[in-house]
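Below, each chain spelled out in residue letters.
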Amino acid sequence: MGAVLENGLDLAIRQVGSIILGKERAIRLALTCLLARGHLLIEDLPGMGKTTLAHALAHSLGLHYQRIQFTSDLLPADILGAAVYERQRETFVFHPGPIFAQLILADEINRATPKTQSALLEAMEEGQVTIEGETRPLPEPFFVIATQNPAYQIGTFPLPESQLDRFLMRIELGYPDVQAERALLEGEDRRDLLARLPVAMAPEQLHEAQARVSSIHVAPPLLDYVQALLTFSRQSNRFRSGLSPRAGLGLLRAARAWALLHHRGHVLPEDVQTVLSAVVSHRLHPAEDSLEQSAADLVERLLTAVTLPA
Amino acid sequence: MRLWNQKNRLKAEKPALPLEVLEPIALSWLLGALLLAAVPRASELPIWLTLLFGAILIWRWLIAMRGWSLPPRWLLLVVAVLACAGVLIDYRTLFGRDAGVAFLSAMTACKLLETRTLRDGVVLVFLGYLLVMSNLLYSQEILLVIYLFAVVLLMLAAQILIHRQHAGLKALAPIWLSGKMALQAIPVMLILFVLFPRIPGPLWGLPKDAYKGRTGLSEQMTPGTVSELSKSDEVAFRVRFNGPIPPPNQLYWRGPVLWNFDGRRWTSGAGAPRNTPVPFTPEGTALEYSVILEPSNRIWLFALDLPALLPPQTGMTSSFQLLRQQPVNEVYRYQMRSYPNYRTGHLDPIERTTALRLPARGNPRARALTAEWRQGGARPEALIDAALFLFREQAFYYTLNPPLLGSDSVDDFLFRTRRGFCEHYASAFVFLMRAAGVPARVVTGYQGGERNTFGDYLIVRQSDAHAWAEAWLEGRGWVRVDPTGAVAPNRIQDGLYAALSDTEELPFLARRGGDGEWLRQLAMSWDTVNNSWNEWVLAYGPDRQKEFLSGLGFGPIDWADMTVAMTLMLGGFGLLVAGLRWRNRGPRDPVVKAYLHFCARLARRGLARANQEGPLAFAERVAASRPDLAGSVREISRLYALLRYGPVVSTAEVRQLQALVRQFRA
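Since the model is a prediction, treat every value here as computed from it, not as a measurement.

*Asks:* Tell me what's going on with the overall build of chain B, and back it up with residues and numbers.
*Replies:* Across its full length, chain B carries 24 helices and 19 strands. Burial statistics for chain B: of 666 residues in total, 46% are counted as buried. Contacts in chain B between residues at least 24 apart in sequence constitute 71% of all its contacts with a sequence separation of at least 6. Looking at chain B as shown, the accessible area adds up to about 33500 Å², and 61% of this sits on carbon and sulfur atoms.

This is the structure:
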């Protein structure tokens, strides 16, 4: 069963990789995020393949997929759904919104008003939706991939820090390299490819994989290391504020999922280091007098400053 | 009887101890170290022994390399007995320094022929240390000491290799280790050197022949003794003045004073030394200086005229000669004070008689000459002038190679050959004075010396050996008269080389003012090193030790205090080292320990693990830069990561990791 599971995951990575070329690391991180039951924020310019990634992932894993295009006039009800009066039955019938899907692409989340944003984020956090006094559970698994254009674009509402914390990871896709770009230009239309994509694993298998994450072994020396990272972020004067306990839990969870994705039953320091940037870069902010001003530099600083005892 | 049988049976049943055989590589190191330990003495040993030693070394090496078998017992026995007999025949004894060292060398060689096991190797290492130390019985020169240090390091390396021959040490690892051990031993060495209580006199007796073969002044003077000595440029002593170096005509280093003349030979007639300085009336200021005397195997200490101080354990004769209780067999440093201008007291009747005594017969012409001088009723001063006038105005030559003299040596010299060295002039002068009724005596010692401009001290060599005269004058006491100065004034001012015309026989360093000046300068700077070595290492005796320690602010300190201080310092050092080790003690986790070992090996090859680098990331980086190591590095790192971060640790896997790390060669 373990091998089947791992094969399924590998296959999914390969399949998505055949569509999003040269972005294996981003794909793996996205899958890690899904296995860790977190949510993913992709921050990049339009046209970098954010949508395609989400779509391919949903396809490959056989997940029910919904895309919500966020606009400035989008209302919470447009996401969550609403009770509509049905004349024949003379009752209010709940019409679920697009959020009742397994994989949701919240496209350009920073174009919507804070009120709409928070409706989505609350649903993400709680895994359920309460409308007019009635609580409805969201499907399992429930995975949100939100995309966001870089904040300096006009007419956007950047997510506040407290909201950013709800995302387990934030990644960037970036431009493809020369070879990947060439293959992309020479290849077929991505949408046609996507349509032909077979399902790599059953939903139960994905569920099982998610359950397996918490059984990945974490040794005391590794916990020491994670704690050293957290402590450093809190004590160093480079950061405006340290990493929260939620960030610490998320880091460990993501590292476990990454280890699982790499067929390992235990977490290595390298796993922590690999997911570190994605997990903490949107949670760390430079102090005003810090030498490192970009998020990447801050993470690099954290990584090199903390010694990993042999 | 039953008991006996039982014992025998027990003995038979006891299993043989597993003997570890010496590997060829360890044996090669040992042979190399032994060879180097024997090299300094090789030319001094009997030629057959040197050849035997070399031959056995090569033979044993071939046995190890070619896998031949060791010689049979009987052959070994024959070689040993023959070597023993050879030493006996050559030296007539097995004891004493020379025979002892020869015997040690021969037996070391024989031991090599039965060396098979690790235990034999250890025995040989200690024989090797003994061999190294035996070299110090002959010389303690700085270059030799440095060389012997290197040999000790090598011997230690061989010892390390013998004990760890299966540890798979890399080629230079034993040297590296022994160097490290030697460095760690330096503080202990310094503490022991500085604080180990120095006891006046030798702590244990060395064989009688340990000090033979020193050149130097002798107790008696015949024509030729001083001139022979002048052909050596060995250093007699060095002097450091507490002020400017006085002019050459004050640099008369007083040695044995000779009273008795038998017509040919002058011998000393000094009375017993007293342990207080002989009083005299100083005029003018004193000279303060310290003398660093080379070993002479004599009890004489040299001082400028006239000494007013006694070094410890030293007495002074009535002729102002300093005598130590023990012969000077080590570099010996002492403080002195002298007054170059002085008046001595009256002459007691016994001394006067001795100072006028001449052989009953012989040298009639000299006696006739003095009788002639005395007819004018001349005063003693006028008689001295007459004698000096004779040397100055007649055709006297100053030469290292005077012709042989007949039985009336003084007559022969004064009226026939007229060629002589300082002993001829001093001897003839004193003879003339005594014949003329002026009390006189011969003084031997050294005159002058060479200033070392680098270290600002004076070097007195054997070639500065000199003989002069003293005459006793009413009212002034003993007055120094140097007849050589009348013949060759520049002998006194500029040294021997300037005064001689036949200088071929003078050794290079005695040719002061000659050519090859830059080479002399080089020799002088080297002499400065030697002098410091002498002053601070070889002459570090009881007096120097007290002086040094009180200079450090300890005040007067006796040997008991020193022992306590030494013990405390050694103990403190031990505690310090133990404390440091405790603080830096490695992790107890064998997994981490093995991995750290592995990392250290890679770090030595320039592949250090970064602070934050995880095991697998590090392995990949190493594999990228050293593809030849990729396999083993990946395997070790994978196993380590599993053991360190995985859920279960099995002893077998820990062992496997340890074995892999042990076999790992970067």
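Now that the structure is up, let's keep going.
*Asks:* Kindly report on the overall build of chain A, identifying the contributing residues and their values.
*Replies:* Within chain A, the regular secondary structure consists of 13 helices and nine strands. Out of the 310 residues in chain A, the part that is buried amounts to 54%. Looking at chain A alone, contacts between residues at least 24 apart form 77% of all its contacts between residues at least 6 apart. Total accessible area on chain A stands at roughly 14100 Å², and carbon and sulfur atoms take up 53% of it.

*Asks:* Describe helix α9 (residues 203-213) of chain A, and please don't skip the residues or the numbers.
*Replies:* Looking only at α9(A), the buried set comprises A:Gln205, A:Leu206, A:Ala209, A:Gln210 and A:Val213. One side of α9(A) holds all its buried residues, which, seen down the axis, span an arc of 145°.

*Asks:* An account of the sheet that holds strand β9 (residues 314-316) of chain B is needed here, citing residue identities and associated values.
*Replies:* Residues and elements named next belong to chain B. Pairing is antiparallel across the open sheet formed by three strands, whose spatial order is β7-β10-β9. Two strands lie at the open edges of the sheet, namely β7 (300-301) and β9, each paired on one side alone. Sheet topology note: the β7/strand β10 (residues 322-324) ladder contains two bridges and is antiparallel. Looking across to β10, one finds that Trp 300 is bridged to Leu 323.

*Asks:* Which residues make up the interface of chain B and chain A, and what values do they have?
*Replies:* When the parts come together, some accessible area is lost, and that loss is often what is quoted as the size of the interface. On the side of chain A, 18 residues touch chain B, which itself brings 18 residues to the contact. In total, chain B and chain A occlude about 1400 Å² of area from one another, counting both sides; carbon and sulfur atoms represent 61% of this. By the criterion of area lost to chain A, the three top residues of chain B are B:Gln612, B:Arg644 and B:Tyr645, representing 48% of everything that side buries. For the pair chain B and chain A, the number of links is zero salt bridges. In this assembly, chain B and chain A are joined by six residue pairs in polar contact (both at pLDDT 80 or more). Residue assignment for the side of chain B that touches chain A shows that the elements contributing at least two residues are α21 (590-604), α22 (615-625) and α23 (630-645) of chain B. Class assignment for the residues of the side of chain B that touches chain A results in 11 nonpolar, four polar and three charged.

*Asks:* Account for the sheet that holds strand β11 (residues 332-338) of chain B, with residues named and values stated.
*Replies:* Residue and element names in this part refer to chain B. Strands sit in the order β11-β6-β2-β17-β16 across an open sheet of five strands; the sheet is antiparallel. At either end of the open sheet lies a strand with only one pairing partner, and these are β11 and β16 (450-452). Averaged over neighbouring strand pairs, the angle between their axes works out to 30° when direction is ignored. Alignment of β16 against strand β17 (residues 457-461), held across three bridges, turns out to be antiparallel. Directly across from Asn 452, in β17, lies its bridge partner Tyr 457.

*Asks:* A description of the side chain of B:Glu423 should follow, citing residues and the corresponding values.
*Replies:* All names here are of chain B. For Glu 423, the position within the fold is in helix α14 (residues 422-435). For the buried Glu 423, no salt bridge is present, and the opposite-charge side chain at shortest range is Arg 491, 9.3 Å distant. Within the local environment of Glu 423, its side chain forms a polar contact with the backbone nitrogen of Val 226, the two atoms lying 3.4 Å apart. Side chain to side chain, Glu 423 and Ser 227 meet in a polar contact 3.4 Å long. Contacts of Glu 423, omitting those with residues within four sequence positions, involve Met 221, Thr 222, Pro 223, Gly 224, Thr 225, Val 226, Ser 227 and Ala 467.

*Asks:* Report on the nonpolar core, specifying residues and quantitative values.
*Replies:* Ranked by size, the top nonpolar core spans 86 residues in total, and within it B:Phe237, B:Trp253, B:Tyr289, B:Phe391, B:Tyr398, B:Leu414 and B:Phe429 carry the most contacts. Element by element, the count of residues in this core is highest for α14(B), at 10 residues. Each residue touching B:Phe429, except ones within four places of it in the same chain, is listed here: B:Ile384, B:Ala387, B:Leu388, B:Phe391, B:Ala469, B:Val481 and B:Pro483. Of all hydrophobic cores here, the second largest spans 80 residues; its members include A:Ile20, A:Cys33, A:Phe239 and A:Val272.

*Asks:* A description of the side chain of B:Arg491 should follow, citing residues and the corresponding values.
*Replies:* Residues and elements named next belong to chain B. Examined against the element boundaries, Arg 491 turns out to sit in helix α16 (residues 489-494). A polar contact of 3.3 Å, which involves the side chain of Arg 491, links it to the backbone oxygen of Asp 464. In this structure, Arg 491 is in contact with Tyr 398, Gln 447, Asp 464, Ala 465, His 466, Thr 484, Leu 496 and Ala 499, ignoring residues within four places of it in sequence.

*Asks:* Describe the packing of aromatic side chains, naming the residues involved and giving the relevant values.
*Replies:* Two aromatic rings are characterised by how far apart their centres lie and by the angle between their planes. All names here are of chain B. In the structure shown here, the tally under the stated rule is 31 aromatic pairs over all chains. Both rings, one in Phe 237 and one in Tyr 446, keep their centres 5.5 Å apart while their planes meet at 85°; by these two values the pair is edge-to-face. Taken as a pair, Phe 237 in strand β2 (residues 235-241) and Tyr 446 in strand β15 (residues 440-447) lie far apart in primary sequence, 209 residues in all. Classification of Phe 237 as buried rests on a relative accessible area of 0%. Here Trp 253 and Tyr 289 contribute two aromatic rings whose centre-to-centre distance is 5.8 Å and whose plane-to-plane angle is 80°, an arrangement assigned as edge-to-face. Taken together, the residues span a long stretch of sequence, with Trp 253 in strand β3 (residues 252-261) and Tyr 289 in strand β6 (residues 287-293) at a distance of 36 residues.

*Asks:* Report on the pairing of β3(B), specifying residues and quantitative values.
*Replies:* Residues and elements named next belong to chain B. Of all the 10 residues making up β3, nine are buried; the element is thus mostly covered by neighbouring parts of the structure. Pairing analysis gives five bridges linking β3 to β15, with the strands arranged antiparallel. Directly across from Arg 254, in β15, lies its bridge partner Gly 445. Inspection of the sheet shows β3 paired to strand β8 (residues 303-304) by two bridges, in the antiparallel sense. Residue pairing across strands places Trp 253 opposite Leu 304, the latter belonging to β8. Two elements, β3 and strand β4 (residues 266-268), share three bridges in a ladder whose sense is antiparallel. The residue of β4 that forms the bridge with Leu 258 is Ser 268. Between β3 and β4, which pair antiparallel one after the other, the connecting turn spans four residues, and Gly 263 there sits at a positive phi close to 100°.

*Asks:* Talk me through unusual backbone geometry; I want residue IDs and the actual numbers.
*Replies:* The linkage connecting A:Glu140 with the following residue, A:Pro141, adopts the cis geometry, with an omega of -15°. Assignment of secondary structure puts A:Pro141 in the loop between β7 (134-137) and β8 (143-148). That bond from B:Asp305 to B:Leu306 is cis: its omega, -25°, falls within 30 degrees of zero. Turning to its location among the elements, B:Leu306 is positioned in the loop between β8 and β9.

*Asks:* Run through a nonpolar patch on the surface, naming residues and quoting values.
*Replies:* Residues and elements named next belong to chain B. Where nonpolar side chains cluster on the molecular surface, the patch consists of Phe 149, Leu 183, Ile 186, Met 189 and Leu 190 and spans about 480 Å² of accessible area. In terms of residue count, helix α8 (residues 173-195) provides more of the nonpolar patch than any other element does, four residues in total. Tracing the sequence through the fold places Leu 190 in helix α8.

*Asks:* Go over the pattern of salt bridges with me, naming the residues and quoting the values.
*Replies:* Residue and element names in this part refer to chain A. By the definition in use, this model includes 41 salt bridges over all chains. As a salt-bridge pair, Glu 125 and Arg 246 come within 3.3 Å of each other at their nearest N and O atoms. A residue pair is termed long-range when its members are at least 10 positions apart, and Glu 125 in helix α5 (residues 114-126) and Arg 246 in helix α11 (residues 245-261) qualify at 121 residues. For Arg 246, a relative accessible area of 36% translates into the label partly exposed.

*Asks:* I'd love a proper account of the packing of helix α3 (residues 47-66) of chain B against helix α4 (residues 73-91) of chain B, names of residues and values included.
*Replies:* Residues and elements named next belong to chain B. Look at α3 against α4: their axes get within 11 Å of each other, and the N-to-C directions meet at 155°. Between α3 and α4, the crossing angle belongs to the class labelled roughly antiparallel. Helix-helix and strand crossings are classified by hand; for α3 and α4 the assignment is left-handed. Counting all contacts with α3, which are made through Trp 48, Leu 52, Ile 56 and Trp 59, the residues of α4 involved are Leu 75, Val 79, Ala 83, Gly 86, Val 87 and Asp 90. Tallied by class, the residues present in the contact of α3 with α4 amount to eight nonpolar, one polar and one charged.

*Asks:* Outline the packing of α8(B) against helix α20 (residues 559-583) of chain B, supporting the account with residue identities and numerical values.
*Replies:* All names here are of chain B. The geometry of α8 relative to α20 is characterised by a closest axis approach of 9 Å and an angle of 170° between their N-to-C directions. Between α8 and α20, the crossing angle belongs to the class labelled roughly antiparallel. Facing Gln 184, Pro 187, Val 188, Ile 191, Leu 192 and Leu 195 of α8, the residues of α20 in contact are Met 562, Ala 565, Met 566, Met 569, Leu 570 and Phe 573. Grouping the amino acids of the contact of α8 with α20 by side-chain chemistry returns 11 nonpolar, one polar and no charged.

*Asks:* If you had to explain a positive patch on the surface to someone new, which residues and values would you point to?
*Replies:* A cluster of basic residues, B:Lys170, B:Lys180, B:Arg604, B:Arg605 and B:Arg665, forms a positive patch on the protein surface. Inspection of the secondary structure assignment puts B:Arg604 in helix α21.

The rules we used
Residues numbered from 1 in each chain as written. Chains lettered and ligands numbered in written order. Predicted model: local features only at pLDDT ≥ 70, side-chain atom pairs only at ≥ 80, totals over all residues. Heavy atoms only, no water. Helix = DSSP H or I, 4+ residues; strand = E, 2+ residues; numbered from the N terminus. Buried < 20%, exposed > 50% of the residue type's maximum accessible area, 1.4 Å probe, protein only. Contact = heavy atoms within 4.5 Å. Areas by Shrake-Rupley, 256 points an atom, 1.4 Å probe, with all protein chains shown as cover. Arc of directions from axis to C-beta. Pairing = 2+ DSSP bridges. Buried area = accessible area lost by both parts, 1.4 Å probe. Salt bridge = Lys/Arg side-chain N within 4 Å of Asp/Glu carboxyl O. Polar contact = N/O pair within 3.5 Å; in protein donor to acceptor, adjacent residues only side chain to side chain. Nonpolar A, V, L, I, M, F, W, Y, C, P; charged D, E, K, R; others polar. Axes fitted to C-alpha atoms, helices over the stretch in contact; angles between N-to-C directions. Lys, Arg positive; Asp, Glu negative; His and termini not counted. Core = buried A, V, L, I, M, F, W, Y, C linked by side-chain atoms within 4.5 Å. Phe/Tyr/Trp six-rings, centres within 6.5 Å; stacked < 30°, edge-to-face > 60°. Patch = residues over 30% accessible without salt bridge, like charges linked within 9 Å, V, L, I, M, F, W, Y side chains within 5 Å. Parallel < 35°, antiparallel > 145°, perpendicular 65-115°, else oblique. Left-handed = near helix turned anticlockwise from the far one by under 90°. Charge placed at Lys NZ, Arg CZ, Asp CG, Glu CD.

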